[in-house]
Amino acid sequence: MMARQRRHDIAGVRYDEPMSRHTSWRIGGPADLYFKPRDREELCQFLQELDRDTPILWVGLGSNLLIRDGGFRGAVIATHQALGMLTHDNHGKVYAEAGVACAKVAKNCVRWKYKDAHFFAGIPGTVGGALAMNAGAFGGETWDFVESVETISREGEVRTYVPADFDIAYRHVASPRSEWFVAATFSFEQTEEELASEIKQLLVRRKESQPIGLPSCGSVFRNPEGDYAARLIEASGLKGHAIGGAQVSPKHANFIINTGEATAADVEALIALIRHTVSEKFARDLIPEVRVAGEVG
Ligand SMILES: Cc1cc2nc3c(=O)[nH]c(=O)nc-3n(C[C@H](O)[C@H](O)[C@H](O)COP(=O)(O)OP(=O)(O)OC[C@H]3O[C@@H](n4cnc5c(N)ncnc54)[C@H](O)[C@@H]3O)c2cc1C
């Protein structure tokens, strides 16, 4: 039976939920099912009850996600403000559930005097999304600090893995199993240094160079080896170029902003134009970093 017809008794399940409410681009058609678990038990129950053939999409803060205009035919599992435990052991080990905002990890690590976690302040997503993307900023990358992760399977079974169980690279994480992240244990060095001002300075620098505050997904393309996607896009003359409501940011050419009424089709058309133009002019194939899901509207 398709998710569309099946009703669930679990509180926290919504039907035909507009995904534009849950992505930083503010774009996206409706998800058949949208589920925000209150805890792991409820998450396991939901997974066990879900029809085996219903596609599942995990969403954190939707800050790297383009949901197409036709929406998602399946179940979205939302972790933010759901899987929210954040603790530490006083010796640099930090346990964070998937729905914890990365900025919260950074802020608390400053308070706990743990070094090198400040890069999380630059990632407007969740721990789950950061694990899935190997998100990085200011020279730090998520998996550099992972000691172990907990995942959940489609059957609701929780398992623990170490980084060696995954294929990890720049903005790339692959696992032979189709499981999702529910938590991670990070390991940071302890320090006596004052770190709060460091985060502030990094965020000020970022605000100067990026269109922070406008609906976007951050960098749309990975940087190709030895170059920068933003440089190639700008040199192709596409800075400020728009298709419908989607525009290459005049401030940072690797950002596409929603100027108000952008559709996912506008964004995808602009992505395709950028790839084509950069390939023609520089013979470089830009690989999108953003994840695309759902049906064409
Ligand atoms: C203004 C702005 C600036 C940004 N700057 C940076 C930056 O400096 N560096 C950087 O790396 N990124 C940056 N990003 C992109 C984005 O914040 C990161 O990729 C982030 O890690 C995505 O987290 P999320 O929770 O929003 O994930 P989502 O966008 O919700 O999901 C992204 C992908 O992860 C999957 N996913 C989410 N949760 C889980 C889970 N628990 N288990 C398995 N898969 C999961 C989703 O299915 C999807 O495929 C920026 C985005 C914006 C809007």
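Residues numbered from 1 in each chain as written. Predicted model: local features only at pLDDT ≥ 70, side-chain atom pairs only at ≥ 80, totals over all residues. Heavy atoms only, no water.

Participant: Looking at this structure, how should I read the packing of aromatic side chains?
Facilitator: The description of two aromatic rings rests on the distance between their centres and on the angle between their planes. Under the defined criterion, the tally for this structure stands at twelve aromatic pairs. On the numbers, 4.1 Å between centres and 20 degrees between planes, the contact of Phe35 with Phe46 is stacked. Linking Phe35 in strand β2 (residues 30-35) with Phe46 in helix α1 (residues 40-49), this pair joins segments that are eleven residues apart in sequence. The same class applies to Phe35 as to Phe46, namely buried. In textbook terms, an aromatic cluster arises when at least three aromatic residues are bridged by ring pairs, as seen for Phe119, Phe120, Phe145, Phe186 and Phe188. The ring centre of Phe282 lies 5.9 Å from the NZ or CZ of Arg231, which sits over that ring. (Phe/Tyr/Trp six-rings, centres within 6.5 Å; stacked < 30°, edge-to-face > 60°. Helix = DSSP H or I, 4+ residues; strand = E, 2+ residues; numbered from the N terminus. Buried < 20%, exposed > 50% of the residue type's maximum accessible area, 1.4 Å probe, protein only. Lys NZ or Arg CZ within 6 Å of the ring centre and 35° of its normal.)

Participant: Can you help me understand the environment of Glu289 in this one?
Facilitator: Examined against the element boundaries, Glu289 turns out to sit in the loop between α6 (264-282) and β18 (291-293). According to the relative accessible area criterion, Glu289 is buried, its value standing at 13%. Remark: the alpha-carbon pair of Glu289 and His172, spanning 117 residues in sequence, is separated by 9.0 Å. If we skip the residues at most four places from it in the chain, Glu289 touches Asn64, Met133, Arg171, Ser219, Val220, Phe221 and Arg222. (Contact = heavy atoms within 4.5 Å.)

Participant: Explain the side chain of Thr79 to me, please; I cannot follow it from the model alone.
Facilitator: Within the secondary structure, Thr79 sits in the loop between β5 (72-78) and β6 (86-88). Setting aside chain neighbours within four positions, we find Thr79 in contact with Trp58, Val59, Gly60, Ala98, Gly99 and Thr126.

Participant: Whenever I open this one, the site of the ligand confuses me. Can you help?
Facilitator: In the region of the ligand, 34 residues are neighbours, and Trp58, Gly60, Ser63, Thr126 and Gly136 sit closest. Gly62 is positioned with one of its backbone polar atoms (N or O) 2.9 Å from an oxygen atom of the ligand. The separation between an oxygen atom of the ligand and a polar side-chain atom of Arg171 is 3.3 Å. Relative to its unbound accessible surface of 970 Å², the ligand loses 92% to contact with the protein. Every element with two or more residues in the shell around the ligand is listed here: β3 (56-59), α3 (127-133), β8 (136-137) and β14 (180-187). The element that contributes the greatest number of residues to the shell around the ligand is α3, accounting for five residues. Residues that form the shell around the ligand fall into these classes: 17 nonpolar, 13 polar and four charged. (Near = heavy atom within 4 Å. Polar contact = N/O pair within 3.5 Å; in protein donor to acceptor, adjacent residues only side chain to side chain. Areas by Shrake-Rupley, 256 points an atom, 1.4 Å probe, with all protein chains shown as cover. Nonpolar A, V, L, I, M, F, W, Y, C, P; charged D, E, K, R; others polar.)

Participant: How should the confidence of the model for the protein be read in this particular structure?
Facilitator: Detailed reading of predicted coordinates is not advised where the pLDDT is low. On average, residues of the protein carry a pLDDT of 94, and 97% of them reach 70 or more. Within the model, the stretch residues 1-5 combines pLDDT values under 50 with twelve contacts to residues more than four positions away or in other chains. (pLDDT = per-residue confidence, 0-100.)

Participant: What is the right way to read the pairing of β14 from this model?
Facilitator: On a regular strand, one side chain projects to one face of the sheet and the next to the other, so that they alternate. Counting buried positions along β14 gives seven out of eight residues, so the element sits mostly inside the fold. Note: strand β7 (residues 93-97) against β14, five bridges, orientation antiparallel. Residue Ala96 lies in a different strand from β14, and its bridge partner there is Ala184. Bridge count for strand β10 (residues 146-152) against β14 is six bridges, and the pairing is antiparallel. (Pairing = 2+ DSSP bridges.)

Participant: What am I meant to see in unusual backbone geometry here?
Facilitator: One can expect most non-glycine residues to show negative phi and most peptide bonds to be in trans. Not every positive phi belongs to a glycine, and Arg26 is a case in point at roughly 60 degrees. Looking at the secondary structure, you find Arg26 in the loop between β1 (13-18) and β2. Phi at Asn90 is positive, roughly 75 degrees, even though this residue is not glycine. Structurally, Asn90 can be placed in the loop between β6 and β7. Residue classification places Asn90 among the exposed residues on the basis of a relative accessible area of 52%.

Participant: Would you mind showing me how to read the nonpolar core here?
Facilitator: The tendency in soluble globular proteins is for nonpolar side chains to be buried as a group. By size, the foremost hydrophobic cluster in this structure holds 35 residues, and its most contacted members are Phe120, Leu131, Val149, Phe186 and Phe188. Mapped by element, the contributors of at least two residues to this core are β7, α2 (102-112), α3, β10 and β14. Ranked by residue count, the leading element in this core is α2, at six residues. Residues contacting Phe186, with those up to four places away along its chain left out, are Gly92, Lys93, Val94, Ala96, Phe120, Val127, Leu131, Thr142, Phe145, Val146 and Glu147. In this structure, Ile27, Cys217, Ala253 and Ile271 belong to the second largest nonpolar core, which totals 24 residues. (Core = buried A, V, L, I, M, F, W, Y, C linked by side-chain atoms within 4.5 Å.)

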